[in-house]
Every structure is written in structure tokens, then in C-alpha cells.
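Chain residues, written in single-letter form:
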Amino acid sequence: SERLGKTLEDARLAAANTASVELQCDVALSLAPFFYATGRNHDYLTLAEEQLANGADLLPTAYLSGLWATKGIAHSNRGEVPLAAEALRKALDLIDRVDPSRRISFAGADQRVSAQAYFSESLMILGFFDAAVEEKERLMRNFDQLDKPFDLAWHLLVQCQLCALVGQYEELLDNATKIVEICERHGYTARRSSGIRWRGHARSHLGELDAGIDDARESMVLWRGQGVVFHTPEKACELCDLLLRAGRIEDASQMLDDVDTLIFDTDEASYLAECIRLRGQIAADRGDLTGAAHLFETAIATARRQQARLFELRATTQLAPVLARQGRVHEAATRLQAVVHTFDTRYPIVDLVAAQRELAKLGR
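Because the structure is predicted, anything quoted here is derived from the model rather than measured.

K.L.:
Give a detailed account of the overall build of the protein chain, specifying residues and quantitative values.
P.N.:
Counting its secondary structure elements, the protein chain contains 18 helices and two strands. Computed over the C-alpha atoms, the radius of gyration of the protein chain is 21 Å, within 12% of the 21 Å expected from 2.2 N^0.38 for a compact globule of 364 residues. For the protein chain, the C-alpha atoms occupy an extent of roughly 70 × 40 × 40 Å along the three principal directions. Of the contacts made within the protein chain by residues no fewer than 6 positions apart, 63% connect residues no fewer than 24 positions apart.

K.L.:
With reference to specific residues and values, describe the packing of helix H10 (residues 189–205) against helix H11 (residues 209–225).
P.N.:
Working note: a packed helix pair is described by the angle between its axes plus the distance between those axes. Contact geometry of H10 with H11 gives a least axis separation of 7 Å together with a crossing angle of 165°. Relative to H11, the element H10 lies roughly antiparallel. The two elements H10 and H11 meet at a crossing, and its hand is left-handed. The residues of H11 that touch H10, namely those facing Thr189, Ala190, Arg192, Ser193, Ser194, Ile196, Arg197, Arg199, Gly200, Arg203 and Ser204, are Leu209, Ala211, Gly212, Asp215, Glu218, Ser219, Leu222 and Trp223.

K.L.:
So what's going on with the side chain of Glu274? Residues and values would help.
P.N.:
Residue placement: Glu274 occurs in helix H14 (residues 272–285). Residue class for Glu274 comes out buried when judged on its relative accessible area of 2%. A polar contact of 2.8 Å, which involves the side chain of Glu274, links it to the side chain of Arg277. Here the side chain of Glu274 touches Arg314 through a polar contact of 2.6 Å, side chain to side chain.

K.L.:
Break down the confidence of the model for the protein chain for me, citing the residues and quoting the values.
P.N.:
Per-residue confidence for the protein chain gives a mean pLDDT of 93, with 98% of residues at or over 70. Mean pLDDT across the elements of the protein chain bottoms out in strand E2 (residues 109–110) (83) and peaks in helix H15 (residues 289–306) (98).

K.L.:
Describe the state of the cysteines, listing the residues and the values that go with them.
P.N.:
Per the counting criterion, the structure on display carries zero disulfides. Cys163 forms no disulfide, and the closest cysteine sulfur to it belongs to Cys160, at a distance of 6.5 Å.

K.L.:
Go over the packing of aromatic side chains, please, and point to the residues and values.
P.N.:
To describe a pair of aromatic rings, you give the distance between the ring centres and the angle between the ring planes. Throughout the structure, instances matching the rule amount to nine aromatic pairs. The aromatic ring of Trp154 is capped on one face by Arg191, whose charged end is 4.6 Å from the ring centroid. Its guanidinium or amino end placed over the ring of Trp198, Arg197 lies 4.1 Å from that ring's centre, counting from NZ or CZ.

K.L.:
Got a sec to walk through the pattern of salt bridges? Specific residues and values, please.
P.N.:
Evaluated as defined, the whole model comprises 30 salt bridges. Between Arg192 and Glu184 there is a salt bridge, with the nearest N and O atoms lying 3.3 Å from each other. The shortest N-O distance in the salt bridge between Asp351 and Arg314 comes to 3.0 Å. Of the two residues, Asp351 is situated in helix H18 (residues 350–361) and Arg314 in helix H16 (residues 309–325); the sequence distance between them amounts to 37 residues. Given a relative accessible area of 17%, Asp351 falls into the buried group. One network of salt bridges, with partners in common, ties together Glu274, Arg277, Arg314 and Asp351.

K.L.:
Outline the nonpolar core, supporting the account with residue identities and numerical values.
P.N.:
Tyr36, Tyr44, Leu67, Phe129, Leu172 and Phe311 are the most contacted members of the largest nonpolar core, which has 128 residues in total. Ranked by residue count, the leading element in this core is helix H8 (residues 149–166), at 13 residues.

K.L.:
Can you break down helix H3 (residues 41–55) residue by residue, with the values?
P.N.:
Across its 15 residues, H3 extends 21 Å between first and last C-alpha, which sits within 8% of the 21 Å expected from 1.5 Å per residue. Buried within H3 we find Asn41, Tyr44, Leu45, Leu47, Ala48, Gln51, Leu52 and Gly55. Buried residues along H3 cover an arc of 165° about the axis, so they all sit on one side. Opposite the buried face of H3, by more than 90 degrees, sit the exposed residues Ala53 and Asn54. Residues of H3 that are buried sit in contact with helix H1 (2–16), helix H2 (21–37) and helix H4 (61–77).

K.L.:
Could you give an account of the environment of Lys71, naming the residues involved and the relevant values?
P.N.:
Looking at the element boundaries, Lys71 is found in helix H4. For the pair formed by Lys71 and Leu45, sequence separation is 26 residues and the distance between their alpha carbons is 5.9 Å. If we skip the residues at most four places from it in the chain, Lys71 touches Tyr44, Leu45, Ala48, Glu49, Leu52 and Ala87.

K.L.:
So what's going on with the environment of His75? Which residues, and what values?
P.N.:
The residue His75 is located in helix H4 in this model. Each C-alpha atom of the pair His75 and Leu23 lies 24 Å from the other, and the pair is 52 residues apart in sequence. Setting aside residues up to four positions removed in sequence, His75 forms contacts with Leu45, Glu80, Leu83 and Ala84. Among the polar contacts listed, one links the side chain of His75 to the side chain of Glu80, at a separation of 2.6 Å.

K.L.:
Give me the lowdown on the environment of Met220, citing residues and values where you can.
P.N.:
Here Met220 lies in helix H11. On a C-alpha basis, the gap between Met220 and His231 in space is 9.8 Å, while along the polypeptide they are 11 residues apart.

Conventions we followed
- Every chain begins its residue count from 1, and numbering advances along the sequence as written.
- Side-chain atom pairs in this predicted model are given and counted only at pLDDT of 80 or more, local residue features only at pLDDT of at least 70, and totals for whole chains, interfaces and linings cover all residues.
- To get the side-chain values, take all heavy atoms of the structure and skip hydrogens and water.
- Numbering of helices and strands runs from the N terminus; a helix is a DSSP stretch of H or I covering at least four residues, while a strand is a stretch of E covering at least two.
- With C-alpha atoms as the basis for the radius of gyration, the globule rule is written as 2.2 Å multiplied by the number of residues raised to the power 0.38.
- Only heavy atoms matter for contacts: two residues are in contact if any of them lie within 4.5 Å across the pair.
- Only the stretch in contact is used when a helix axis is fitted, and all axes are lines through C-alpha atoms; the angle between N-to-C directions ranges over 0 to 180 degrees.
- Here the word oblique covers every angle except those under 35 degrees (roughly parallel), over 145 (roughly antiparallel) and from 65 to 115 (roughly perpendicular).
- Handedness of a helix crossing follows the sense of rotation of the near helix relative to the far helix, less than a right angle counterclockwise being left-handed and clockwise being right-handed.
- Relative accessible area decides the class of each residue, using a 1.4 Å probe on protein chains only: under 20% of the type maximum gives buried, over 50% gives exposed, and in between gives partly exposed.
- Each polar contact in these results corresponds to two N or O atoms within 3.5 Å; when the atoms are within protein, one needs to be able to donate a hydrogen and the other to accept it, and residues that are neighboring in sequence are counted only if both atoms are side-chain atoms.
- Known as pLDDT, the predictor's confidence for each residue is given on a scale from 0 to 100.
- Here, a disulfide means two cysteine sulfur atoms that sit within 2.5 Å of each other.
- The aromatic pairing rule takes the rings of Phe, Tyr and Trp, using the six-membered ring of Trp, and pairs them if the centres are within 6.5 Å, calling planes under 30 degrees apart stacked, those over 60 edge-to-face and the rest tilted.
- Each ring is checked for a lysine NZ or an arginine CZ that lies within 6 Å of its centre and within 35 degrees of its normal; such an atom marks a charge sitting over the ring.
- Salt bridges are defined by distance alone: a side-chain nitrogen of Lys or Arg within 4 Å of a carboxyl oxygen of Asp or Glu.
- The nonpolar core is taken to be a set of buried Ala, Val, Leu, Ile, Met, Phe, Trp, Tyr and Cys residues, with the residues joined through side-chain atoms within 4.5 Å.
- What a helix is expected to span follows from its residue count: subtract one and scale by 1.5 Å.
- Throughout, the arc means the angular range of directions from the helix axis out to the C-beta atoms.

Shown next as C-alpha cells:
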């Protein structure tokens with residue numbers, strides 16, 4: 001809200017007039033979620049880098065960790081995944097040196113929970129699946145905040161990501177249901193949106209596609225009702241994917257139109273490749289194979305630029321049948337196989353399984 005933005009800016013100016021570097025950093029960290037929510041990630045990066053330049057030698061380690069973590073999240077929102085992973089790794093290395101009683105809160109949760117959640121997601125998008133799974137498992141293993149419901153809800157969200165990654169949909173539904181219950185009990189509206197989103201994902205894979213669509217739509221309405229930019233494309237892509245599975249092409253297209261406007265007006269680019277991929281799927285479903293191939297190629301190029309190998313895998317998997325329908329079966333198989341072979345994992349990653357299934361259809 002404008003009121004919150006004005007209040008935080010007043011706090012920043014007031015802190016700047018003191019000699020307390022710690023107070024200035026505290027205000028900067030409070031500004032981070034506001035900048036994410038309004039799609040001004042570059043502005044936050046400028047502020048965080050200024051804090052690091054001016055106070056790195058004077059700040060407690062927990063505050064330094066907070067600056068690196070919030071920088072990492074801003075990079076993640078901008079689609080700068082390698083930079084995000086690097087900053088978040090630094091944050092976690094720093095927080096390992098801090099006694100748990102000396103940690104600070106970020107966005108309502110223990111700073112380790114937020115940093116480790118975003119770090120594991122960055123690893124997942126970069127295609128380091130085993131490392132992502134291990135990082136998520138590490139967070140779950142070390143989690144001891146069962147008496148803090150907001151931390152618990154965030155912790156369960158990490159479990160949801162892990163279940164979705166490896167196709168454990170019954171467990172995903174159970175965890176998502178727990179998130180919704182916690183959030184309804186304590187009034188966590190935005191976090192409830194995320195729980196409903198994952199509940200819909202689980203239902204859609206357990207034979208309840210319409211219920212999944214309803215959940216994904218409710219999640220979007222709740223999230224956008226908070227006036228929030230970041231994570232909106234991610235939630236929109238989830239809903240679009242389900243709408244396309246149900247054959248509701250026009251609804252999916254309208255959803256992407258709305259997200260395009262948001263992306264172009266801000267520096268939110270975390271799911272840009274996915275938005276383009278879904279445009280390609282819409283074109284393919286309409287029978288426009290040339291347009292679909294072009295869009296999938298654009299999605300692949302965008303994913304490569306961002307080093308988002310997970311998104312490159314998804315776009316190439318969907319490009320392959322389009323090329324095959326154009327009579328380019330050998331090219332389709334060769335390109336998909338080349339991408340699949342770049343991954344080395346011991347887990348049944350859903351997207352890799354889908355790619356391998358497509359390869360089998362192509363005779364590879």
C-alpha cells in the first residue's frame with residue numbers, strides 16, 4: 001500500500017540520520033518485502049548493496065546474512081537465478097555462524113527458513129535437482145519451530161515443493177491442507193493463497209482437475225487481493241497449465257495477457273520463460289505449429305539466458321511433439337535427448353519423467 005511505502009521511507013530517512021548502522025540495516029530489511037511486492041527489485045538491490053558497502057564491517061553476522069538473503073530473493077524475482085543462488089548460499093554460510101537465539105526475523109519467519117526455502121528453489125530452477133532435494137531435506141531436518149505457526153506454514157510450503165518435484169501427490173495434498181488450516185486459524189491471507197495453490201496442484205493430479213482449477217483461481221484472487229507482484233506469474237502459470245489441461249484455451253490466454261501487463265510494468269521476470277512456453281502451448285493447441293515452435297524456441301532462449309535449466313527442459317519437451325508433427329522427428333528427438341542428458345539425478349523428477357516419456361514416443 002502507498003501508506004506502508006510512505007511509512008517505510010520515513011523510517012529509512014530517520015534511520016539515515018542516526019549513527020546506528022544496525023538500525024539502518026533493520027529498516028532496509030523491512031523494506032525488502034515491500035519492494036518485492038511492488039515489483040521494484042532493482043531498487044531494493046541498490047539499497048542492499050549500499051548497506052553492504054557502508055556497514056559490512058560493522059553489522060552483526062545475522063544482519064549481514066539478512067542482507068545477502070534479501071539480495072538473493074530480489075535476484076530470484078528478476079530471473080537472475082545464478083546470482084540468487086550465490087547470494088543465498090552466502091546468507092546461509094553466514095547464518096550457520098549465528099546462535100539460533102541471535103537470529104533475526106525476515107518477512108515474519110526465522111531468517112534461515114526464508115533463505116533456505118529460496119535457495120532450494122533456485123537450485124531446482126537451475127536444474128541441480130539432487131542438491132535442491134537435499135537442501136529442502138536439510139531444512140526439514142533442522143526445523144525446530146513447531147510452536148511458531150507462521151514458520152511452520154513456510155516449512156510445509158518447502159515440503160510441498162519437494163512433493164511436487166517428485167510427484168508425491170497424496171503427501172502434497174496432506175501438507176497443503178495443513179497449510180490452509182494453519183493460515184485460516186491465524187489469518188495469514190497471503191500464505192493461505194500458497195497453500196491453496198499447492199492443494200489445487202495435488203488435486204489436479206489426483207483426478208480432480210476442476211477442483212484443482214478452482215483452487216488455483218482462488219489462490220490467484222487471494223494473492224492479487226494483497227496487491228502483490230512477486231510470485232504472481234508463478235501462480236498464473238500454474239492456473240494456465242491446469243486450464244490448458246482442461247481445454248480452456250481462451251481462459252488461459254486471457255490469464256497470460258494479464259500477467260504480461262504486470263511483467264512489462266515491473267522487473268518481475270522469474271517465470272518469464274514459463275509464460276512464453278505456455279503461449280507456445282496455446283498456439284499448438286490451436287493448430288498453429290509454426291507459431292508454437294517459434295514461441296517454444298523463444299522460451300528456450302529465455303531460459304538459457306537465465307540459466308533456468310528446468311524451464312528449458314519443459315519448453316524443449318513441448319517443442320518436440322510440435323517438431324514431430326511438422327515431420328522433423330529426428331530433430332525433435334535429438335534436441336530433447338541433448339537436454340535430458342544434461343541432467344544427472346537419482347530422484348524421479350516429474351519433468352524429467354515427462355521428457356523421457358516424450359523421447360520414447362519419438363522412438364528414442
